[in-house]
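Per-entry structural report
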Amino acid sequence: MLKAFWNVLKVKELRSRLLFTAGIIVLVRMADNIPCPGVNSVALKNYLTQFQANGATSGGIMDMLDIFSGGALQQFALGVLGIMPYITASIIIQLLTPVVPSLEKISRDGETGRAKISQYTRYLTILVCLVQGVLAAMAMINPAKLFGQMPSEPLFWGNPGVFMVMTVLVLTCTTMIFMWLGEQVTERGIGNGVSIIITINIISKVPSAVVQLFQMATSQSTGSASFKPVHLLILLIVFAAVTAATIMLCQGMRRVPVQMARKSIGNQVQGGATYLPLKVNFAGVMPIIFAGAIMMIPRPVFEYFNWTTLASWFNYDAGGYLITYGLLIMAFNFFWVATQFNPLQISENLKREGGYIPGIRPGQPTADFLDTTMTRVTFGGAVFLMALSLFPMLLANSLHIPFLVASLFGGTSLLIMVGVTLDTMSQLESHLTMRNYEGFLRKGRLHGRSGF
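None of these values were measured; they are calculated from a predicted model. (Residues numbered from 1 in each chain as written. Predicted model: local features only at pLDDT ≥ 70, side-chain atom pairs only at ≥ 80, totals over all residues. Heavy atoms only, no water.)

**A look at the overall build of the chain**
Put simply, the test is: A run of H or I in DSSP counts as a helix once it spans at least four residues, and a run of E counts as a strand once it spans at least two, with each numbered from the N terminus. Only protein chains enter the area calculation, which uses a 1.4 Å probe; residues under 20% of their type maximum are buried, those over 50% are exposed, and those in between are partly exposed. Every residue pair with non-hydrogen atoms within 4.5 Å of one another is taken to be in contact. The Shrake-Rupley method, run with a 1.4 Å probe, gives the accessible areas here. Residue values count only the displayed protein chains as cover.
In terms of regular secondary structure, the chain is built from 21 helices and three strands. Looking at the chain as a whole, 44% of its 452 residues are labelled buried. Taking all contacts inside the chain whose residues are at least 6 apart in sequence as the whole, residues at least 24 apart take part in 72%. Surface accessibility of the chain: about 23200 Å² in total, with carbon and sulfur atoms responsible for 65%.

Quick look at the structure:
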């Protein structure tokens, strides 16, 4: 493997792609550390410190947003929205395409259709940025209304109206620039640019998590009196096991044998036995994102109506939250597969190309077989994904460790880091093998995934 990495640096094109990707990463990290104009950085830091001291953000949405923004939320930096509005818009367009006839028709128009869909995604990204930018500016202007806690001094300078307009424009422009930089990385760099940007933001929080973990093992001032150095070793072993399980989840697939009709094209004969891969984790991290978004709603609603019992049921560390969150992850797994996996279309494509599944008649029987098989595969993947998502929450509740540390032991953060790393290494391996170099594995090949 070390030889493969050295071979990557020896290839001029790969070296240029890696340097270009590294340059984009530096630009993104700079934007994540430059505060927005008009922000009172000292007051914001004091407010967040007081907020976290009261336990108000432990495992909450602010912690998750801070991880995905690479720490930009703590400073209300230019990249506080990050690339997430573009990802949100992409998810919405993907969900609407199978159910809106006009979008489905456009998506079938080849390269022209994909270009139109991409343009619609950009327009929707601007709309999402405007909405989220207004909410972010409102949180800075009047944090007590959203978080129930008043800062000792204003978090911004100047007129509130001017600050809101300026903030929305700056955050929207930064996100659109991030989107463009991500496209440039995809075209001229290595890996999926958008995925790499969000992965780098997550990785940037890893050193802080490691420091907190070692502080827990060497000090008893963290509130976890039962945590000892031996527990650190156990956690490292658990982390290795969870990472290995995550890799299995990302790489796992059911290979459905397919027999293609043989045909001659020039001097080559194509066809014969092949297989159709049905991924165990077909939905990727989407079910976790959807479930997390839904779980933000119940508690504020119940608190607004003063239904304290129901509100406490949806506290982050409550059993009701864990049960509901797990069931939503299961449900959204099947929902995503139902909207994105079309067995009838696959069956028609196989029939058109002269392919068939041995023992299954072409047409509707093939579609029924694929639907049944995918449902079974999805069930196993959904259970695995649910366990992987709930594990860091159970770990945080049982050992009383910080959310940032617990997030490394599963959930969205680990899935994204593992998946994007595998995808990037797969692309590097493809470039190496095309130039007659040995890849990262002596036997077999790495299998990537298509972004998020």
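**Regarding the packing of aromatic side chains**
Any pair of aromatic rings gets described here by the distance separating the centres and the angle formed by the planes. Quick note on the threshold: In this scheme Phe, Tyr and Trp rings, the latter by its six-membered ring, pair at centre separations within 6.5 Å, and the angle between planes marks the pair as stacked below 30 degrees, edge-to-face above 60, and tilted otherwise. Criterion for a charge above a ring: Lys NZ or Arg CZ within 6 Å of the ring centre, and within 35 degrees of the ring normal.
Applying the stated criterion across every chain, the model contains ten aromatic pairs. A centroid spacing of 5.9 Å and a plane angle of 35° characterise the contact between F302 and W307, whose relative ring orientation is tilted. For W307, a relative accessible area of 44% translates into the label partly exposed. Aromatic ring contacts, followed pair by pair, group F290, F332, F335 and W336 into a single cluster. The cationic tip of R255 hangs over the ring face of Y275; the distance from NZ or CZ to the ring centre is 4.4 Å.

**Some remarks on the packing of helix 6 (residues 84–96) against helix 17 (residues 319–340)**
Defined as follows: Inter-axis angles, ranging from 0 to 180 degrees, are taken between N-to-C directions of lines fitted to C-alpha atoms, where helices are fitted over the stretch in contact. We call two directions roughly parallel when the angle between them is under 35 degrees, roughly antiparallel when it is over 145, roughly perpendicular when it lies between 65 and 115, and oblique otherwise. Here the term charged refers only to Asp, Glu, Lys and Arg, the term nonpolar to Ala, Val, Leu, Ile, Met, Phe, Trp, Tyr, Cys and Pro, and the term polar to all other amino acids, Gly among them.
Helix 17 packs onto helix 6 with a crossing angle of 60° between their chain directions and a minimal axis gap of 9 Å. It follows that helix 6 is oblique to helix 17 by the angle criterion. Residue-level contacts link I91, Q94 and L95 of helix 6 to F335, W336, T339 and Q340 of helix 17. Its residues assigned to classes, the contact of helix 6 with helix 17 comprises four nonpolar, three polar and no charged.

**Re the nonpolar core**
Stated precisely, the cut-off is as follows: By nonpolar core we mean a set of buried residues, namely Ala, Val, Leu, Ile, Met, Phe, Trp, Tyr and Cys, connected to one another through side-chain atoms within 4.5 Å.
In this structure, I83, Y325 and L415 are the most contacted members of the largest nonpolar core, which totals 68 residues. The next biggest cluster of nonpolar side chains, apart from the first, holds 16 residues, and it includes Y47, V80, L81 and F163.

**Describing the side chain of N201**
Rule in force here: Throughout this description, a polar contact denotes any pair of N or O atoms lying within 3.5 Å of each other; where both atoms belong to protein, one of them has to be capable of donating a hydrogen while the other can accept it, and for residues adjacent in sequence the pair is counted only when both atoms sit in side chains.
Here N201 lies in helix 11 (residues 193–203). In this structure N201 comes out as buried when scored by relative accessible area, which is 1%. At a separation of 3.2 Å, a polar atom in the side chain of N201 contacts the side chain of R29. For N201, the contacting residues outside a window of four places in its chain are V28, R29, D32, I67, F68, S69 and G70.

**Quick word on empty space enclosed by the protein**
We count it as follows: Definitions used throughout: a 1 Å grid over protein atoms alone; a cavity as a set of points that fits a 1.4 Å probe which cannot get out; a pocket as an open set with protein on both sides within 12 Å along at least five of seven lines; a lining residue as one with an atom within 4 Å of a point. Grid points are joined across faces, edges and corners, and a volume is the space filled by probe spheres set on the points.
Inspection of every chain in the model, using the stated rule, returns two cavities of 30 Å³ or more. Within this model, the largest cavity holds a volume of roughly 40 Å³. Here the lining of the largest cavity is built from residues that sort into three nonpolar, three polar and one charged. Within this model, the second largest cavity holds a volume of roughly 30 Å³. Forming the boundary of the second largest cavity are S347, L350, K351, G355, Y356, I357, P362, G363 and T366. Listed by contribution, the elements that provide at least two residues to the lining of the second largest cavity are helix 18 (343–352) and strand 3 (355–356). Considering every element that reaches the lining of the second largest cavity, the biggest residue donor is helix 18, with three residues. Each residue belonging to the lining of the second largest cavity can be placed in one class, and the counts come to four nonpolar, four polar and one charged.

**Notes on unusual backbone geometry**
Located in the positive-phi region is F76, a residue other than glycine, with phi close to 50°. Note that F76 resides in the loop between helix 5 (72–75) and helix 6. Judged by its relative accessible area of 4%, F76 is buried. The residue N306 is not glycine, and still its phi comes out positive at about 65°.

**What about the state of the cysteines?**
Short version of the rule: Two cysteine sulfurs form a disulfide in these notes if their separation is within 2.5 Å.
Summed over the entire model, instances satisfying the criterion amount to zero disulfides. Free of any disulfide, C129 has its nearest neighbouring cysteine sulfur in C173, separated by 9.2 Å. Residue classification places C129 among the buried residues on the basis of a relative accessible area of 0%.

**Thoughts on the environment of G252**
Looking at the element boundaries, G252 is found in the loop between helix 13 (229–251) and strand 1 (253–265). Owing to a relative accessible area of 18%, G252 belongs among the buried residues under this scheme. Between the C-alpha atoms of G252 and K279, which are 27 residues apart in sequence, the distance is 6.1 Å.

**A closer look at a nonpolar patch on the surface**
For clarity, the cut-off: Like charges are joined within 9 Å and nonpolar side chains (Val, Leu, Ile, Met, Phe, Trp, Tyr) within 5 Å, but only among residues with over 30% relative accessible area and no salt bridge; these make up the patches. Here, a salt bridge means any side-chain nitrogen of Lys or Arg that lies within 4 Å of a carboxyl oxygen of Asp or Glu.
On the surface, I294, M296, I297, V301, Y304, F305, W307 and L310 cluster together into a nonpolar patch covering about 810 Å² of accessible area. Along the polypeptide, V301 turns up in helix 15 (residues 298–304).

**Focus on the confidence of the model for the chain**
Reading predicted coordinates in detail is not appropriate for stretches of low pLDDT. As a reminder, the rule being used: A score from 0 to 100, pLDDT tells how confident the predictor is in each residue.
Of all residues in the chain, 86% attain a pLDDT of 70 or more, and the chain-wide mean is 82. Residue range residues 55–59 is modelled with pLDDT below 50. Its contacts to residues more than four positions away, or to other chains, number nine contacts. Within the model, pLDDT remains below 50 along residues 221–225, and this stretch shows six contacts once partners closer than five positions in the same chain are excluded.

**Let's talk about the pattern of salt bridges**
One pass over the full model with this rule turns up five salt bridges. Of the charged contacts in the structure, one is a salt bridge between E13 and R17, with a shortest N-O distance of 3.3 Å. With a gap of four residues between them, E13 and R17 both fall in helix 2 (residues 12–31), about one helical turn apart. The class of E13 is partly exposed, set by a relative accessible area of 36%. Put simply, R122 and E183 hold a salt bridge, and the shortest N to O gap is 3.0 Å. Residue R122 is found in helix 8 (residues 110–141), and its partner E183 is found in helix 10 (residues 160–188); the two are separated by 61 residues along the sequence.

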